[in-house]
Amino acid sequence: KAGVTQTPRYLIKTRGQQVTLSCSPISGHRSVSWYQQTPGQGLQFLFEYFSETQRNKGNFPGRFSGRQFSNSRSEMNVSTLELGDSALYLCASSLASGRRKTQYFGPGTRLLVL
Amino acid sequence: AQSVTQLGSHVSVSEGALVLLRCNYSSSVPPYLFWYVQYPNQGLQLLLKYTTGATLVKGINGFEAEFKKSETSFHLTKPSAHMSDAAEYFCAVSDQGTDKLIFGTGTRLQVFP
């Protein structure tokens, strides 16, 4: 079974631009979560989608948004990019939602904001 | 609220030596705990997890972890280190309110020949 895939793998943008990242979960998985990884803040939760509905949201500004499609694929969007948005963005999928779920991560999208 | 603390941001061992990576958790409810490994320029790979049941959990690549409620610990061990084990290791707990993973700050493992 194919793992979680994320596109693109690398991205360079300039301040003020917007960006859309894509995540395809493992086949049959209905929950997709997004995390941001930076050297300073470590791994931080952005949001989770399950059956096209946002279930939970982390402590990020409204510039960060996401959505999930009927095939469970998910996108996240960051508008008005700031230098501090440079990070590795990781997507994780799981069969179901809930605290016990096991999350499987993709390779990430590395975003550099200049 | 749940949290995890990883003691030691860097651990160095010789090839063939015991690997011990420490993780302590804080949780007001029975915790669900995970260990992930991250190789350079890659995502996170699940090593093992504890939800309920047996307190000694075996994972991939010869790693195991023991859940000790009395010590609020979930340390990761491997009897004999390989060069290929060099990576960053993250301990995580599943948050009660949001189901998100709360990660520790990570431990970078170096393995010397």
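Everything quoted here is computed from the prediction, not taken from an experiment. (Residues numbered from 1 in each chain as written. Chains lettered and ligands numbered in written order. Predicted model: local features only at pLDDT ≥ 70, side-chain atom pairs only at ≥ 80, totals over all residues. Heavy atoms only, no water.)

Caption draft 1: Representation of the overall build of chain A within the structure. Regarding its fold elements, chain A presents 0 helices and 11 strands. Of the regular secondary structure in chain A, the N- to C-terminal order runs β-β-β-β-β-β-β-β-β-β-β. The principal-axis extent of the C-alpha atoms belonging to chain A is close to 35 × 25 × 25 Å. For chain A, contacts bridging at least 24 residues in sequence account for 55% of all contacts bridging at least 6. If you sum the accessible surface of chain A, you get close to 5400 Å²; carbon and sulfur atoms cover 49% of it. (Helix = DSSP H or I, 4+ residues; strand = E, 2+ residues; numbered from the N terminus. Contact = heavy atoms within 4.5 Å. Areas by Shrake-Rupley, 256 points an atom, 1.4 Å probe, with all protein chains shown as cover.)

Caption draft 2: Molecular detail of empty space enclosed by the protein. A full pass over the atoms with the stated rule returns 1 cavity of 30 Å³ or more. If you trace the largest cavity, you find it lined by A:Arg9, A:Tyr10, A:Leu88, A:Pro107, A:Gly108, A:Arg110 and B:Asn41. A breakdown of the residues in the lining of the largest cavity according to their chemical character gives 3 nonpolar, 2 polar and 2 charged. (1 Å grid on protein atoms, 1.4 Å probe; cavity = no way out; pocket = protein on both sides within 12 Å on 5 of 7 lines; lining within 4 Å. Points joined across faces, edges and corners; volume = space filled by probe spheres on them. Nonpolar A, V, L, I, M, F, W, Y, C, P; charged D, E, K, R; others polar.)

Caption draft 3: Highlighting the sheet that holds strand E8 (residues 73-78) of chain B. Residue and element names in this part refer to chain B. The sheet built from 5 strands is open, its strands ordered E1-E3-E8-E7-E6 with antiparallel pairing. Looking at the sheet topology across the chains shown, the edges are occupied by strand E1 (3-7) and strand E6 (56-58). Averaged over all neighbouring strand pairs, the angle between strand axes comes to 20°, with direction disregarded. Judged from the 5 bridges that link them, strand E7 (residues 64-68) and E8 form a sheet pairing that is antiparallel. Considered in E8, the bridge of Ala65 is made with Leu76. (Pairing = 2+ DSSP bridges. Axes fitted to C-alpha atoms, helices over the stretch in contact; angles between N-to-C directions.)

Caption draft 4: A look at the state of the cysteines. Residue and element names in this part refer to chain A. This structure, assessed with the given rule, holds 2 disulfides over all chains. Residue Cys23 pairs covalently with Cys91 via a disulfide, S to S 1.7 Å. Judged by the sign of its S-S torsion, about -50°, the bond between Cys23 and Cys91 is left-handed. Taken together, the positions of Cys23 in strand E3 (residues 19-24) and Cys91 in strand E9 (residues 87-94) put the pair 68 residues apart, joining distant regions of the chain. Accessibility assignment for this pair places Cys23 and Cys91 in one class, buried. (Disulfide = S-S within 2.5 Å. Buried < 20%, exposed > 50% of the residue type's maximum accessible area, 1.4 Å probe, protein only.)

Caption draft 5: Fine view of the pattern of salt bridges. Summed over all chains, the structure comprises 10 salt bridges over all chains. One salt bridge connects A:Lys101 with A:Glu48, and the closest N-O pair in it is separated by 3.8 Å. On the criterion of sequence distance, the pair formed by A:Lys101 in the loop between E9 and strand E10 (104-105) and A:Glu48 in strand E5 (residues 42-50) is long-range, its members being 53 residues apart. One exposure class covers both A:Lys101 and A:Glu48, and it is buried. Connected through salt bridges with shared partners, the residues A:Glu48, A:Arg55, A:Lys101 and B:Asp99 form a single ionic network. (Salt bridge = Lys/Arg side-chain N within 4 Å of Asp/Glu carboxyl O.)

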